[in-house]
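Report on the structure
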Amino acid sequence: MKINKEIRQISRELLRASFTDGKLDNGKIGSLTQSLVEKRPRHYVDILQLYKRLLRLEIEKRHAKIESATQLAPETAVSITDRLKKKYGNDLTTEFTVDPALLGGVRIRVGSDVWDSTVRTRLRRLEQEL
Amino acid sequence: MSSILEEIETKIAGLKTSTTKSNVGVVRETGDGVARIEGLSDVMLNEMIEFPNGVFGLALNLEETEVGAILLGDTTKVAEGDEAKTTGKLLQVPVGKALLGRVVNTIGQPLDDKGPIKTETFYPLEKIAPGVIKRKGVSQPVQTGIMAIDAMIPIGRGQRELIIGDRATGKTTIAIDTIISQARLNKAAEESGDKNYRPLYCIYVAVGQKNSNVARAFNVLEREGAMPYTTIISAPASDTATNQYLAPFAGAAMGEWFMDNGMDALIIYDDLSKHAVAYRQVSLVLKRPSGREAYPGDVFYLHSRLLERAARVGEEFGGGSVTALPIIETQAGDVSAYIPTNVISITDGQIYLETDLFYQGVRPAISVGLSVSRVGSAAQIKAIKQVAGKVKLDLAQFRELAAFAQFGSDLDAATKARLDRGQRIVELFKQTQYNPIPVEEQVAIMWAMQNGFLDNVPVDRVKEFQSKLQDWLQTRKEPLLRSIREKKQIDDDLTAQLKSAMEEFKTTWQ
């Protein structure tokens, strides 16, 4: 996909128009996409693809992935969610997954921020330092 | 043994600090030594990025949704979907005296079989050059041991002198000769216990060269005993464009350590044409806009910021210096091409080597008319100034007359004398490679020439006269050479001694 200035500009404008009160608005996104498909302006496929990518990155910024070696106790999960919401806002969505390869501890990722307390990472760091 | 256990213990204790926060991204595409990473919202320009499998990258393009990074090390270990994280560090190389005598790659890892480099100090590759307040004028000479250069195009400590010429005109040889000369001077000063002499350490940066060329340079330096004072940084043609682009900056960082610690260093960038080509490749795969000859817009800044790091700092800052000898290869003698004009305008002068002269047997093939040192005679010892002050003018007049004399056979005596003198100067300045001449011998030889002791020597025997004179001076007149070296100028006493020595030699010479 070759992205030119025009495509980048339109996609950015579409993204800007997709918010209501600082939150992504599904209704707006749907109508914007629909009108784009109907009107078919120049490079509309590329615009849609870049718009999709920008939306994905925006959604990732408001989505927390919490990985742990074992299933977390419900109260721990709730406390983590509460704390994250306090930091990133109430519209944050959470996703809990279990990965035994982590060996122990928790890894939380929101956008490009990562908090890592897993045993696997610590062992890797030890391996590097030695 | 117990210290090792303690060290491990502290490392384990360090790991107990439970949670680490980092900034990560995902590799979206990789290829040609470049990776595009989505995420990494906190990354800074020129920051190191860590990939899995111990590969590192350098963030060069910060865009709206992604980061363009150049990869260092094995690029095949980075795959799409890999997680990359910021490190908060700049790329740095080991520096210090432990690097002397070693051959290293761009990031300072040893390429020779002499074991790991034991140094605690690291310097970042990119550093802002010393400012106006820290600097001092260039006034101490770099004795290259090449008579034509020391006499006519003197190089000072802290100067940037370009060596420019076509392929196979002896550019690298001038650089190697200079390194050998420094090593001999350093060694002589060490042996004599001369505390006033400031040793000059050399760093040879080979960018985009054939490995065989680097090996040859290494062998010559080792054979001549110059390696104990020299570091070779090798980013050969088979290395990635990234490493070739970074190698000169690594050399500058290593040189700066000497300067910051009050010592003198000489860096040879061999060569910056290939460096510009490597940077062009990196820029194009990073999709930066291209300009003239497809070089990126900041190719001038690339070289100006590199060469600006050559400096001589004031006594209150240690009084150290970094001298740079960049090399540029021209195509068919065209100095007006893009990169050559850039580097000519940045440097404080150039030594221009000509193919025609080279094939006429004038080696080093220095074109006196086009070569210049903007520092001038400030970087010469007084004795050289006394004997070589007029040589450049003599040679210029000789060339003018030589062209004119081709058309007529009847010449007046003055013109003929000038032509004869010119021919002898040209002969004297011919010099075999890897054979630098100490400054005191240069003074004696040029004094003999200036005072007419060579006038009755046939032109084709001038070289023979010179080598026999050097041998004779070394074996029979060592005290005279020593006093030239120590006094650094020719006074009446030395003039008398030189006169009697030359007269004595002339009686023995057939």
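Residues numbered from 1 in each chain as written. Chains lettered and ligands numbered in written order. Predicted model: local features only at pLDDT ≥ 70, side-chain atom pairs only at ≥ 80, totals over all residues.

Within chain B one finds 16 helices and 19 strands. Taken over the C-alpha trace, chain B has a radius of gyration of 26 Å; the compact-globule value for 510 residues is 24 Å, and the two agree within 12%. Overall, the C-alpha framework of chain B stretches about 90 × 60 × 40 Å when taken along its three principal axes. Per-residue burial for chain B yields a buried fraction of 45% across its 510 residues. (Helix = DSSP H or I, 4+ residues; strand = E, 2+ residues; numbered from the N terminus. Rg over C-alpha atoms; globule rule 2.2 N^0.38 Å. Buried ≥ 20, exposed ≤ 12 C-beta atoms within 10 Å, placed from the backbone.)

Residues and elements named next belong to chain B. One can describe the packing of helix α3 (residues 171–192) onto helix α4 (residues 211–223) by two numbers: an axis separation of 10 Å at closest approach and a directional angle of 30°. Taken together, the axes of α3 and α4 are roughly parallel relative to one another. α3 and α4 meet at a crossing whose hand is right-handed. On α4, the residues that touch Thr172, Ile176 and Ile179 of α3 are Ala217, Val220 and Leu221. Grouping the amino acids of the contact of α3 with α4 by side-chain chemistry returns five nonpolar, one polar and no charged. (Axes fitted to C-alpha atoms, helices over the stretch in contact; angles between N-to-C directions. Parallel < 35°, antiparallel > 145°, perpendicular 65-115°, else oblique. Left-handed = near helix turned anticlockwise from the far one by under 90°. Contact = placed C-beta atoms within 7 Å. Nonpolar A, V, L, I, M, F, W, Y, C, P; charged D, E, K, R; others polar.)

Here we come to the environment of Glu486 of chain B. Among the structural elements, Glu486 of chain B can be located in helix α15 (residues 478–487). When the C-alpha positions of Glu486 of chain B and Gly319 of chain B are compared, they lie 22 Å apart, and in sequence the two are 167 residues distant.

By a widely used convention, the size of an interface equals the accessible area lost when the partners come together. Chain B puts 15 residues into the contact, and the matching count from chain A is 15 residues. Of all the secondary structure elements, the ones that give two or more residues to the side of chain B that touches chain A are α1 (2–15) and β1 (20–31) of chain B. Looking at which element gives the most residues to the side of chain B that touches chain A, the answer is β1 of chain B, with six residues. Residue classes in the side of chain B that touches chain A are distributed as four nonpolar, nine polar and two charged. Here strand β6 (residues 113–116) of chain A pairs with β1 of chain B via four bridges, running antiparallel. Bridge pairing in β1 of chain B links Asp116 of chain A to Thr20 of chain B. (Pairing = 2+ DSSP bridges.)

Attention now moves to the pairing of strand β3 (residues 63–68) of chain A. Residues and elements named next belong to chain A. Only one face of β3 is buried, namely the one carrying Ala64, Ile66 and Ser68, since none of His63, Lys65 and Glu67 on the opposite face is buried. Pairing of β3 with strand β4 (residues 93–98) involves six bridges; the strand directions are parallel. Across the sheet, the residue bridging to Ala64 is Thr94, located in β4. Since β3 and β4 lie parallel, the crossover through helix α4 (residues 74–88) that links them has a hand, and here it is right-handed. The pairing of β3 with strand β5 (residues 106–110) spans five bridges and is classified as antiparallel. For Ala64, the partnering residue across the bridge sits in β5 and is Val110. (Right-handed = clockwise from strand over helix to strand, strands pointing away.)

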